[in-house]
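Descriptive structure summary
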Amino acid sequence: QVQLVESGGGLVQPGGSLRLSCSAFGSIFRLDAMGWYRQAPGKQRELVATITSGGSTNYAESVKGRFTISRDNAKNTVYLQMNSLKPEDTAVYYCKADHLSGSTFTIRSYWGQGTQVSVSS
């Protein structure tokens, strides 16, 4: 089992910055892709950014140029640096990690509990 623990959410004014962190704990064999998703009230969960174990990244168009995803493989941690935040970035942000089991050699996705990001003046 793998647990994901997120931190770094909060309330920030438009134009401000926040940095989210997500660390994986438990019986970790290998973490493949990790990423951030968000869900605003009344909307479906959407992809924000993903990063492979090799460092290749992918971003939603709405956050390109403002958000940066990174990871520290030694710490089993993924980060999301969010700059130039807008009110429409307000959502619960969820971390996701794809984990390869060392016993079954199958990949399973795990989700964090979510952290609230609110952008308001």
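Preceding this section is the structure that the text describes.
Here we summarise the structure given alongside this text. (Residues numbered from 1 in each chain as written. Predicted model: local features only at pLDDT ≥ 70, side-chain atom pairs only at ≥ 80, totals over all residues. Heavy atoms only, no water.)

Notes on the overall build of the protein
A count of helical and extended segments in the protein gives zero helices and 11 strands. The helix and strand sequence of the protein, counted from the amino end, reads β-β-β-β-β-β-β-β-β-β-β. At 14 Å, the protein has a C-alpha radius of gyration in line with the 14 Å of a compact globule built from 121 residues. Split into buried and exposed, the 121 residues of the protein put 45% on the buried side. (Helix = DSSP H or I, 4+ residues; strand = E, 2+ residues; numbered from the N terminus. Rg over C-alpha atoms; globule rule 2.2 N^0.38 Å. Buried < 20%, exposed > 50% of the residue type's maximum accessible area, 1.4 Å probe, protein only.)

Describing the nonpolar core
Formed by 30 residues in total, the largest nonpolar core has its most connected members in Trp36, Leu80, Met82 and Tyr93. Each residue touching Tyr93, except ones within four places of it in the same chain, is listed here: Glu6, Leu20, Trp36, Tyr37, Arg38, Val48, Phe67, Leu80, Met82, Gly114, Thr115 and Val117. (Core = buried A, V, L, I, M, F, W, Y, C linked by side-chain atoms within 4.5 Å. Contact = heavy atoms within 4.5 Å.)

Some thoughts on the state of the cysteines
Under the counting rule described, the total for this entry stands at one disulfide. The residue that forms a disulfide with Cys22 is Cys95, at a sulfur-sulfur distance of 2.1 Å. Between Cys22 and Cys95, the S-S dihedral sits near -80°, and the bridge is therefore left-handed. Remark: Cys95 occurs in strand β9 (residues 91-100) and Cys22 occurs in strand β3 (residues 18-26); sequence separation between them is 73 residues. (Disulfide = S-S within 2.5 Å.)

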